[in-house]
Amino acid sequence: MRLLVWCLLLYIGYRLLKSALSAEKSTGAARRAVDEETVRDPICGVYLSRDDAVVGTLEGTRHYFCSLDCLEKFREQLDHTSQS
Ligand SMILES: [Zn+2]
């Protein structure tokens, strides 16, 4: 009779351990971070990574460009729209 109780306890312990291990596996694989963010040049429409982009802060908001030429064009457009 006592042996039966021990077997039952062992079985429950084994089940708990197994479920705990499988739960840990599923949560660990789900997390994968996106380390590189893509931005779009508003002038020529080119997509590029934020590390390569030319950053221009215009009227309090950040804009990303492929080159300084596009940044200048954007600044000119902004001047035209604000003047008219
Ligand atoms: Zn561009």
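Residues numbered from 1 in each chain as written. Predicted model: local features only at pLDDT ≥ 70, side-chain atom pairs only at ≥ 80, totals over all residues. Heavy atoms only, no water.

**Quick notes on the overall build of the protein**
Quick note on the threshold: Note on conventions: DSSP H or I runs of at least 4 residues are helices, E runs of at least 2 residues are strands, and numbering of each starts at the N terminus. Only protein chains enter the accessibility calculation, which uses a 1.4 Å probe; a residue whose area is less than 20% of its type maximum is buried, one above 50% is exposed, and one in between is partly exposed.
On a plain count of helices and strands, the protein comes out with 2 helices and 4 strands. Within the span of the protein, comprising 84 residues, buried residues form 14% of the whole.

**A look at the coordination of the zinc ion**
Filter applied, for reference: A 2.8 Å cut-off from the metal defines N, O and S donors, relaxed to 3.2 Å for Na, K and Ca; water is not in the atom list, so some sites may appear incomplete. Site shape is set this way: if four donors have all angles between 85 and 135 degrees, tetrahedral; if opposite donors are over 155 degrees apart and all others between 65 and 115, square planar for four donors and octahedral for six; otherwise irregular.
Taken together, D41 (OD), C44 (SG), C66 (SG) and C70 (SG) make up the protein donors of the zinc ion, found 2.1 to 2.3 Å from the metal. Considering all 4 donor atoms around the zinc ion, angles at the metal cover 95 to 123° and the coordination shape is tetrahedral. Donor residues for the zinc ion sit on one chain with the sequence pattern D-x2-C-x21-C-x3-C. Taking the relative accessible area as the measure of exposure, C70 reaches 7% and is therefore buried.

**Considering unusual backbone geometry**
We note that E59 has phi near 50°; this positive angle belongs to a residue other than glycine. Position of E59 among the secondary structure elements: in the loop between β3 (54–58) and β4 (61–65). Looking at E59, the relative accessible area reads 67%, which means it is exposed.

**Some thoughts on the nonpolar core**
For clarity, the cut-off: Remark: nonpolar core denotes a set of buried residues (Ala, Val, Leu, Ile, Met, Phe, Trp, Tyr, Cys) joined through side-chain atoms within 4.5 Å. We call two residues in contact whenever any of their non-hydrogen atoms come within 4.5 Å of each other.
Counting residues in hydrophobic clusters, the biggest one holds 5 residues: L58, F65, C70, L71 and F74. Examining the composition of this core, we find that 3 residues originate from one element, helix α2 (residues 68–83), more than from any other. Leave out the neighbours within four places in its chain, and F74 touches P42, I43, L58, H63 and F65.

**What about a nonpolar patch on the surface?**
Heads up, the condition is: Any residue with relative accessible area above 30% and no salt bridge may belong to a patch, with like charges joined within 9 Å and the nonpolar Val, Leu, Ile, Met, Phe, Trp and Tyr side chains within 5 Å. Accessible surface is estimated by sampling points in the Shrake-Rupley manner with a 1.4 Å probe; for residues, cover comes only from the protein chains shown. When a carboxyl oxygen of Asp or Glu is within 4 Å of a side-chain nitrogen of Lys or Arg, the pair counts as a salt bridge.
A cluster of nonpolar side chains, contributed by L8, Y11, I12, Y14 and L16, occupies part of the molecular surface with about 550 Å² of accessible area. Looking at L8, the relative accessible area reads 54%, which means it is exposed.

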